[in-house]
Amino acid sequence: MTDPANAPVLEIRNLHKAYGSLEVIKGVDISAPAGHVLSLIGSSGSGKSTILRCANLLEDSQQGDILFCGEPVTWKGEGLNRHPADKAQMIRIRTNLSMVFQQFNLWAHMTILQNVMEAPLTVLKRNRDEVEASARAYLDKVGIGDKCDVYPAQLSGGQQQRAAIARALCMEPKALLFDEPTSALDPELEQEVVRVIKSLAEEGRTMLVVTHDMKMANDISDHVVFLHQGLIEEQGPPDQVFGNPQSERLRGFLSATA
Ligand code: ADP
Ligand code: MG
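Just so you know, these numbers come straight off a predicted model, no measurement behind them. (Residues numbered from 1 in each chain as written. Chains lettered and ligands numbered in written order. Predicted model: local features only at pLDDT ≥ 70, side-chain atom pairs only at ≥ 80, totals over all residues.)

Glancing now at the pairing of strand S3 (residues 37-42). For S3, the tally of buried residues reaches six of six residues, placing the bulk of the element in the interior. Side chains Val-37, Ser-39 and Ile-41 project from S3 onto one buried face, and the interleaved Leu-38, Leu-40 and Gly-42 project onto a second face that is buried too. Here S3 runs beside strand S10 (residues 207-210); their pairing, made up of four bridges, is parallel. Each residue of the ladder has a partner; that of Leu-38, found in S10, is Leu-208. Where S3 lies against strand S11 (residues 223-228), five bridges are found, and the strand directions are parallel. In the sheet register, Gly-42 faces S11, and the bridge partner there is Leu-227. (Buried ≥ 20, exposed ≤ 12 C-beta atoms within 10 Å, placed from the backbone. Helix = DSSP H or I, 4+ residues; strand = E, 2+ residues; numbered from the N terminus. Pairing = 2+ DSSP bridges.)

Next comes the structure, spelled out in structure tokens:
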């Protein structure tokens, strides 16, 4: 057995996922060692979001293993009836693979500070004073420490997304999962979020990043995975994937996004 200390934070082996009779992930292997940034790229509908959602158990999958720090998810049932067997394990994994969504998903009725504090308080049952101090520090870190007491609607999209990143960080997760974090933003606001994501990569955080931003993927990634119709078509270090793509499909995809 692998020593858990050396195991990848997240490992996916032979993942299969269907929605009813529609098979959308057809046998995908992905490994995210600690401190690595892995980017998932590919056309719309290729299965990028589904992989992230299966990885942190927001979605069930029908086949394959998902290992968190070497610990395999335990399942009950089979096929379309396969679900995580152990609720405590599911919550532990989900809270340790903290997700940042395209549409921010902040709670509109809570202030920014309350948004960041909510899950550490209610899910992790951490001490309120400690959580507040850490929430304020993370909001400072993403450059919106002065926005603690306002509501999401009072912020720009870029500020809301940075609040969502602070919220994910405040869970002290083992890895951050980003699903198209800049796609909903106007170009001038996109860069403020890209800067935050880059600084997290430079800190050595483990991240899985789904993005349409090839420049960011090239800048931050240790490894890039190109998906096509639920399968990995090509993968490698960014200089290889972007600088010397082998498959016709990847070449076509890159020239279409350039
Ligand atoms: P991407 O993120 O790469 O754009 P998705 O993972 O969202 O792709 O989708 C992969 C495929 O799964 C697409 O064909 C999409 O239509 C389908 N799909 C995604 N979510 C659902 C769902 N909840 N029900 C049915 N089909 C879905
Ligand atoms: Mg998607």
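Here the narrative resumes.
With mixed pairing, the six strands of this open sheet are ordered in space as S8-S9-S10-S3-S11-S12. The open sheet has two free edges, formed respectively by strand S8 (97-100) and strand S12 (231-236), since each of these has just one partner strand. Strand-to-strand twist across the sheet, computed as the mean angle between neighbouring axes with direction ignored, equals 20 degrees. Contacts from helix H5 (residues 157-169) reach S8 and strand S9 (175-179) within the one sheet, and its direction differs from that of S8 by about 170 degrees. (Axes fitted to C-alpha atoms, helices over the stretch in contact; angles between N-to-C directions. Contact = placed C-beta atoms within 7 Å.)

The next thing to look at is the pairing of S9. Extensive coverage of S9 is indicated by the burial of five of its five residues. With burial as the criterion, each face of S9 is covered, one bearing Ala-175, Leu-177 and Asp-179 and the other bearing Leu-176 and Phe-178. Taken together, the four bridges between S9 and S10 define a ladder with parallel strand orientation. Along S10, the bridge assignment pairs Leu-176 with Met-207.

For the rest of this paragraph, the subject is the UniProt feature "domain: ABC transporter" (unreviewed entry) in the protein. The UniProt feature table records "domain: ABC transporter" (unreviewed entry) at residues 10-254. Spanning residues 10-254, this segment combines 38% helix with 26% strand, and its end C-alpha atoms are found 27 Å apart. (UniProt positions renumbered as here; feature names shortened; annotations may be inferred.)

This part is about the site of ligand 1. Taken together, Tyr-19, Leu-22, Val-24, Gly-42, Ser-44, Gly-45, Ser-46, Gly-47, Lys-48, Ser-49 and Thr-50 make up all the residues around ligand 1. Elements with a minimum of two residues in the shell around ligand 1: strand S2 (22-32) and helix H1 (48-55). At three residues, the largest contribution of residues to the shell around ligand 1 is made by H1. Residues that form the shell around ligand 1 fall into these classes: three nonpolar, seven polar and one charged. (Near = placed C-beta within 6 Å. Nonpolar A, V, L, I, M, F, W, Y, C, P; charged D, E, K, R; others polar.)

One broad rule of soluble globular proteins: the nonpolar side chains tend to lie buried together. Formed by 68 residues in total, the largest nonpolar core has its most connected members in Val-116 and Leu-208. Apart from the residues within four sequence positions on either side, Val-116 is in contact with Ala-135, Tyr-138, Leu-139, Ala-163, Ala-166, Arg-167 and Cys-170. (Core = buried A, V, L, I, M, F, W, Y, C linked by C-beta atoms within 7 Å.)

With that settled, consider helix H4 (residues 128-141). With 14 residues, H4 extends 20 Å between its outermost C-alpha atoms, agreeing within 8% with the 20 Å of an ideal straight helix rising 1.5 Å per residue. Positioned one or two residues after H4, Gly-143 has a phi angle of 85 degrees, which is positive. (Expected span 1.5 Å × (residues − 1).)

A few words on the environment of Ala-18. With respect to the helices and strands, the residue Ala-18 is situated in strand S1 (residues 10-19). Of the residues examined, Ala-18 has 18 C-beta atoms within 10 Å and is grouped as partly exposed. Along the primary structure Ala-18 and Asp-60 are separated by 42 residues, whereas in three dimensions their C-alpha atoms are 9.2 Å apart.

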